[in-house]
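The residues making up each chain are set out below.
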Amino acid sequence: MSQTTLASAKLFAQKVELKEEDRKNLEEKVSLLFKDDLRAQIEVSRYSKDPSTFFTSPCYKKSLGDIYYYLMDRNVCRECPKHLLACPLPVKGYPTSLLYQREDDSLKGVRAPCSLEKEKNAALDLVYPCDVTKSSLFYSFESFYQLLSRKENLAKIQGIARALVSAKKNADRLKESEEPFVGSCFYSLHSQTMANDLLKAICFLYARKGIKSSYISTLKWIQAFSDRDVRTQEEAQYDLERISSIPALFLENFDQYPRYVGADFNKNVLVPLLEARNQKGKVTYLSSSVSLEPEKLLSPLLKGSGKEGKREEYASLFPWNVLTDFDLR
């Protein structure tokens, strides 16, 4: 792309008067781009009542800079890498689109989400409640996906690869399940963040499959029940109802579930949640920052709840998965 042409297009889009030579150069560039993109030519000309005369119309002449950016972004999108993080556009996933302005009969370039960005946003809309920034779910998924796309890494991160493949199979079959699906409780030997990042990645994977999901920070959620703000307490109770019924639940750092809340609280909150998750069409994943298996994590929490004997059954919903891989991202 010529820097002179780019500068001219920018000035034109800002309605700055150009020298005649620069204007003609920009017109030639736009004309050449249209020749290579018949679909764009049809798309742009539809803004005229008489498409056959559009390219000599005042609308076309007034919108030359915006049209140039539109065509250049289409050029880039034709070589789409199919992964948003690898998108070379200035704003990833947002190519220039054209918006007709009736008041001055012109076309204005605006950035609009591409199909991949729309797909990502539609998936993230299915995650609620979510105690982390939703974009972090997507970025965690993409970071592992890009890592695994390089064959030389497969042998080095087999644990992550197996976890993602297993999660994908579960997500594909979850809606047809007659039993509660088995998730995992992830613990990483070498990275404090890997277990949580994998949890986020799998959450996005489920959402991308069209499955409603929730991503909960265990400590934050439990503490909300005793918050001074009554509305926060009500939200925590609402979240309990939501995450009890949601098909896919992700509990971050379950080892941080407070031991001080007492048997009555666990009887009214934890036990109903575990009972609800132990039903068909549901799957539950946990992460832990300590090397304690789920059964040992649950043991002190179930004391005095009347459900001590179901500790093994509950723990079987999310078996221990120790990640021995190093974080190569």
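Quick note: structure is the one above.
Residues numbered from 1 in each chain as written. Predicted model: local features only at pLDDT ≥ 70, side-chain atom pairs only at ≥ 80, totals over all residues. Heavy atoms only, no water.

Colleague: Is there a simple way to think about the sheet that holds strand 8 (residues 320-323) in this case?
Modeller: Strand pairing in a sheet relies on backbone hydrogen bonds, with the paired strands running either antiparallel or parallel. Overall, parallel pairing links the 6 strands, which are arranged 3-5-6-7-4-8 in an open sheet. In the strand order of this sheet, the two ends are held by strand 3 (127-130) and strand 8, each with one partner. Neighbour-to-neighbour, the strand axes of the sheet open up by a mean angle of 15 degrees, direction not taken into account. Pairing between strand 5 (residues 213-217) and strand 6 (residues 248-252): 5 bridges, direction parallel. Paired with Ile 216 across the two strands is Leu 251, which belongs to strand 6. (Pairing = 2+ DSSP bridges. Helix = DSSP H or I, 4+ residues; strand = E, 2+ residues; numbered from the N terminus. Axes fitted to C-alpha atoms, helices over the stretch in contact; angles between N-to-C directions.)

Colleague: Help me understand unusual backbone geometry, please; the structure alone is not making it clear to me.
Modeller: Leave glycine aside and you will find that most residues have negative phi; peptide bonds, for their part, are mostly trans. Omega for the bond connecting Tyr 128 with Pro 129 falls within 30 degrees of zero, at -10 degrees, which places this linkage in the cis form. Within the element layout of this structure, Pro 129 appears in strand 3. Phi at Asp 105 takes a positive value of approximately 50 degrees, unusual for a residue other than glycine. Looking at the secondary structure, you find Asp 105 in the loop between strand 1 (96-101) and strand 2 (106-111). Here Asn 253, not a glycine, exhibits a phi torsion of approximately 50 degrees, which is positive. Residue placement: Asn 253 occurs in the loop between strand 6 and helix 12 (263-268).

Colleague: How should the environment of Asp 131 be read in this particular structure?
Modeller: Structurally, Asp 131 can be placed in the loop between strand 3 and helix 7 (134-148). Here Asp 131 falls in the partly exposed class, since its relative accessible area comes to 22%. Here the side chain of Asp 131 touches Ser 217 through a polar contact of 2.9 Å, landing on its backbone nitrogen. (Buried < 20%, exposed > 50% of the residue type's maximum accessible area, 1.4 Å probe, protein only. Polar contact = N/O pair within 3.5 Å; in protein donor to acceptor, adjacent residues only side chain to side chain.)

Colleague: How should I be thinking about empty space enclosed by the protein in this particular structure?
Modeller: Where empty space is left in the structure can be found by rolling a water-sized probe over the atoms. Applying the stated criterion across every chain, the model contains 1 cavity of 30 Å³ or more. In this structure, the largest cavity is lined by Leu 251, Phe 254, Leu 270, Leu 273, Leu 274, Arg 277, Thr 284, Leu 286 and Phe 318. Elements with a contribution of two residues or more to the lining of the largest cavity: helix 13 (270-277) and strand 7 (283-287). The element best represented in the lining of the largest cavity is helix 13, accounting for 4 residues. When the residues that make up the lining of the largest cavity are grouped by side-chain class, the tally is 7 nonpolar, 1 polar and 1 charged. (1 Å grid on protein atoms, 1.4 Å probe; cavity = no way out; pocket = protein on both sides within 12 Å on 5 of 7 lines; lining within 4 Å. Points joined across faces, edges and corners; volume = space filled by probe spheres on them. Nonpolar A, V, L, I, M, F, W, Y, C, P; charged D, E, K, R; others polar.)

Colleague: Which parts of the structure should I look at to understand the packing of helix 11 (residues 230-245) against helix 13?
Modeller: Between two packed helices, the angle of one axis relative to the other and the distance separating the axes together describe the packing. One way to put it is that helix 11 packs onto helix 13 with a least axis distance of 8 Å and a crossing angle of 20 degrees. Here helix 11 is positioned roughly parallel relative to helix 13, judged by the angle of their axes. Here Leu 240, Ile 243, Ser 244 and Ser 245 of helix 11 come into contact with helix 13, specifically with Leu 273, Ala 276 and Arg 277. (Parallel < 35°, antiparallel > 145°, perpendicular 65-115°, else oblique. Contact = heavy atoms within 4.5 Å.)

Colleague: Sorry, what's going on with helix 9 (residues 194-208) here?
Modeller: Because an α-helix packs 3.6 residues into every turn, residues spaced three or four apart end up facing the same way. Along its 15 residues, helix 9 runs 21 Å from first to last C-alpha, staying within 8% of the 21 Å computed at 1.5 Å per residue. A positive phi of about 85 degrees marks Gly 210, the residue just after helix 9. (Expected span 1.5 Å × (residues − 1).)

Colleague: Any chance you could explain the packing of aromatic side chains here in plain terms?
Modeller: Centre-to-centre distance and the angle between the planes together describe a pair of aromatic rings. Within the structure shown, the criterion is met by 17 aromatic pairs. Ring geometry for Phe 54 versus Phe 55: centroids 5.3 Å apart, planes at 85 degrees, classification edge-to-face. Taken together, a centroid distance of 5.2 Å and an interplanar angle of 75 degrees make the contact between Phe 55 and Tyr 60 edge-to-face. The class of Phe 55 is partly exposed, set by a relative accessible area of 26%. An aromatic cluster is defined as three or more aromatic residues linked by ring pairs; in this entry it consists of Phe 138, Tyr 139, Phe 141, Tyr 145 and Phe 204. Of note, Lys 120 hangs over the ring of Phe 138, and the distance from its end group to the ring centre comes to 5.1 Å. Just above the ring of Phe 144 sits the side chain of Arg 329; from NZ or CZ to the centre is 4.4 Å. (Phe/Tyr/Trp six-rings, centres within 6.5 Å; stacked < 30°, edge-to-face > 60°. Lys NZ or Arg CZ within 6 Å of the ring centre and 35° of its normal.)

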